[in-house]
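Next come the chains, spelled out residue by residue.
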Amino acid sequence: MRKFIFSILLLFITLSANILYAQDIEGLTLEECLTLALNNHPSLKRAKSSVRDMSAQLESIRASNRATLGLTGSARYNGDFDYWEDRYNSETASITLSKTLYDTGRNRLQQEIRKESLKGSQETERNTQVSVAANAKRAYYDLVLKYLNLDVEREKLNNLEAHLKTAEGFYEVGNSAFIEVTKAQADAATARVSMLKAENDILVSMEALRVAMGSDTAGNITVSGQLILPEIEDDISALIAAAMNDRPDYRKLLHDVKAGELSITNAARSNSPSITGSAGSSLNKREGSSATNEYNAGISINIPVLDGGAMKASVESARAQLEQVNADVESLKQQITYSIRSAALSLSNAADRVKSAEAGVKYAEENLELAQGRYEVGVGDPLEISDAVSTLASSRYTYYQALYDAQTARANLDEALGHLPQEVAE
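The sections below set out a description of the structure shown in this document. Given the structure is predicted, the values throughout are model-derived calculations rather than measurements.

## Concerning the overall build of the chain
Summing up its helical and strand segments, the chain has nine helices and six strands in all. Relative to the compact-globule value of 22 Å for 426 residues, the chain shows a C-alpha radius of gyration of 38 Å, a clear excess of over 25%. Expressed as a percentage of its 426 residues, the buried residues of the chain come to 36%. On the chain, roughly 24900 Å² of surface is accessible, and the fraction owed to carbon and sulfur atoms is 54%. Computed over 44 positive and 58 negative side-chain charges, the inter-centroid distance for the chain is 8 Å.

Put into structure tokens, the structure is as follows:
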């Protein structure tokens, strides 16, 4: 009995947890979707942490060149077990101040290198924002498309079910053969299967959008956005030039180039002399004697003589790394040019297809009306109805797909330009 009660209680707690965890999102707008993604996505949290890490590294290098102050103290008991009367106690306290006075500018160079790295991390964070927003926008419009496809399947099923009723009515009064009824039944059944697949596609797209937003809650998501034709870009050369100024990943590489150039100079100075100054004071007290106070000050000079070729190897390594970064810059230039041209051409092509598909939907609607009219007056073939319904559904699919392709191309173009979508652009 106790096990039964415990099982019921555990089931109730589990169901309650699932209810709390599940949260339906209704009427989600694109702006809300992008805002959620930019606030919650794990990759952005990682990028922010990287910026903090670089900032801390810069501060650590700055601190290493500042004066340091140390305090030490000790208390000792001194004695001999055989001669206990000879024991004595002593106390010592000292303070030491030290500062690097000259290092041929190596600390300053290291600070400049870390500054460039910090700027690069900030650009990486910005680039992550652009990528997250683009992925969220594509996932959002994919869900919009899936809802529209479901509407198409429902319309198709409604048309076929209406045709089935008409065919059944004609058969009952003897105006048609039973094969027309069975054909209509088969078409309606196939349409129901297609509608079930469309419903499943929506669930899959919901999960993709949830991941794109960085959300960890379950539940259904409905969207309020519509597929519309976005703005078309014609001046591709201007877009490429703008991307060279705005792309965060390209700007990050430029900071890497500056850091690489500074690293070569810093490596060349690794065998340079350095001067350190120090000053201190100590207080010593021994039992049975008066306290003594001592002061000290000094300068130490370090002049490397031989390093076994370490400096030469460091310089060569820094130069090789700089060459790699320069190669990455050239490679990214080509990638930027390709991605912008590809996205702009895809956007233009999708816009042309939207116009053609829109006309195709209009003609398909007229064709279905004519086919239905012909069949209802007894002069039409039932195959005309099923063909017209399928043609209308296909035309709507093509139209919505062209709009989706246009929105996807727009998102790709914004990402290639290094821009956030205009819905959340700063």
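Continuing now.
## A closer look at the nonpolar core
Residues Leu28, Tyr140, Leu209, Ile221 and Leu227 are the most contacted members of the largest nonpolar core, which totals 58 residues. Among the secondary structure elements, those contributing two or more residues to this core are strand S1 (25-28), helix H2 (30-40), helix H4 (106-172), helix H5 (178-213), strand S4 (221-223), helix H8 (310-376) and helix H9 (382-417). Per-element accounting of this core gives the leading share, 18 residues, to H4. Ignoring anything within four residues of it in the chain, the contact list for Leu209 reads Leu28, Cys33, Ala136, Ala139, Tyr140, Leu143 and Ile221. By size, the runner-up hydrophobic cluster in this structure holds 26 residues, among which are Tyr250, Ile264, Leu413 and Ala416.

## Things to note about the packing of helix H6 (residues 236-246) against H9
At their nearest, the axes of H6 and H9 sit 8 Å apart, and the two run at 55° to each other. The angle between the axes of H6 and H9 places the two elements in the oblique class. Between H6 and H9, the residues in contact are Leu239, Ala243 and Asp246 and Leu413, Ala416 and Leu417, respectively. Broken down by class, the residue content of the contact of H6 with H9 amounts to five nonpolar, no polar and one charged.

## Points about the pattern of salt bridges
Applying the stated rule across the entire model yields 22 salt bridges. Taking the shortest distance from any N to any O, the salt bridge between Glu423 and Lys137 comes out at 3.7 Å. Here Lys137 lies in helix H4 and Glu423 lies in the segment after H9, a separation of 286 residues in the sequence. Note that Arg210 is salt-bridged to Glu207, the shortest N-O span being 2.9 Å. Residue Arg210 and its partner Glu207 are located together in helix H5, separated by three residues, close to a single helical turn. When salt bridges with common partners are traced through the structure, they connect Glu59, Arg62 and Arg66 into a single cluster.

## With respect to the environment of Arg353
With respect to the helices and strands, Arg353 occurs in helix H8. Arg353 sits in the partly exposed class, given a relative accessible area of 32%. Considering only alpha carbons, one finds Arg353 and Ala259, 94 residues apart in sequence, at a separation of 47 Å. A distance of 3.1 Å separates a polar atom in the side chain of Arg353 from a polar atom in the side chain of Asp405.

## Side note on H6
For H6, the full list of buried residues reads Ile236, Leu239, Ile240 and Ala243. On an axial view of H6, the arc spanned by its buried residues comes to 100°, and they lie on one face. Exposed and facing more than 90 degrees away from the buried side of H6 are Ser237 and Asn245. Contacts made by the buried residues of H6 are with H8 and H9.

## Observations regarding the packing of aromatic side chains
How two aromatic rings sit relative to each other is set out by the distance from centre to centre and by the angle between their planes. Going through the model one piece at a time under the given rule, you end up with four aromatic pairs. Centroid distance Tyr171 to Phe178: 5.2 Å. Interplanar angle 55°. Geometry classified as tilted. A relative accessible area of 38% places Tyr171 in the partly exposed class.

## Observations concerning the environment of Glu233
Relative to the assigned elements, Glu233 resides in the loop between S4 and H6. Separated by 112 residues in the primary sequence, Glu233 and Leu345 place their C-alpha atoms 9.0 Å from one another.

## Thoughts on a nonpolar patch on the surface
A cluster of nonpolar side chains, namely Leu101, Tyr102, Ile299, Ile301 and Ile303, defines an oily patch on the protein surface of about 560 Å² accessible area. Elements with a minimum of two residues in the nonpolar patch: strand S3 (88-102) and strand S6 (292-302). Looking at where Leu101 falls in the secondary structure, it is placed in strand S3.

## Considerations on the packing of helix H7 (residues 248-268) against H8
Running from amino to carboxyl end, H7 crosses H8 at an angle of 165°, the nearest separation of the two axes being 9 Å. In terms of orientation, H7 and H8 fall into the roughly antiparallel class. Between H7 and H8 lies a crossing of left-handed hand. Residue composition of the contact of H7 with H8, by class: 14 nonpolar, four polar and six charged.

## Some thoughts on the side chain of Arg396
In this fold, Arg396 is placed in helix H9. Taking relative accessible area as the criterion, Arg396 reaches 15% and is therefore assigned buried. Each residue touching Arg396, except ones within four places of it in the same chain, is listed here: Val152, Glu155, Val361 and Glu365.

## As for unusual backbone geometry
Positive phi is not limited to glycine here, since Thr104 has a value of about 55°. Here Thr104 shows up in the loop between S3 and H4. With a relative accessible area of 15%, Thr104 lands in the buried category.

Conventions adopted
Residues numbered from 1 in each chain as written. Predicted model: local features only at pLDDT ≥ 70, side-chain atom pairs only at ≥ 80, totals over all residues. Heavy atoms only, no water. Helix = DSSP H or I, 4+ residues; strand = E, 2+ residues; numbered from the N terminus. Rg over C-alpha atoms; globule rule 2.2 N^0.38 Å. Buried < 20%, exposed > 50% of the residue type's maximum accessible area, 1.4 Å probe, protein only. Areas by Shrake-Rupley, 256 points an atom, 1.4 Å probe, with all protein chains shown as cover. Lys, Arg positive; Asp, Glu negative; His and termini not counted. Charge placed at Lys NZ, Arg CZ, Asp CG, Glu CD. Core = buried A, V, L, I, M, F, W, Y, C linked by side-chain atoms within 4.5 Å. Contact = heavy atoms within 4.5 Å. Axes fitted to C-alpha atoms, helices over the stretch in contact; angles between N-to-C directions. Parallel < 35°, antiparallel > 145°, perpendicular 65-115°, else oblique. Nonpolar A, V, L, I, M, F, W, Y, C, P; charged D, E, K, R; others polar. Salt bridge = Lys/Arg side-chain N within 4 Å of Asp/Glu carboxyl O. Polar contact = N/O pair within 3.5 Å; in protein donor to acceptor, adjacent residues only side chain to side chain. Arc of directions from axis to C-beta. Phe/Tyr/Trp six-rings, centres within 6.5 Å; stacked < 30°, edge-to-face > 60°. Patch = residues over 30% accessible without salt bridge, like charges linked within 9 Å, V, L, I, M, F, W, Y side chains within 5 Å. Left-handed = near helix turned anticlockwise from the far one by under 90°.

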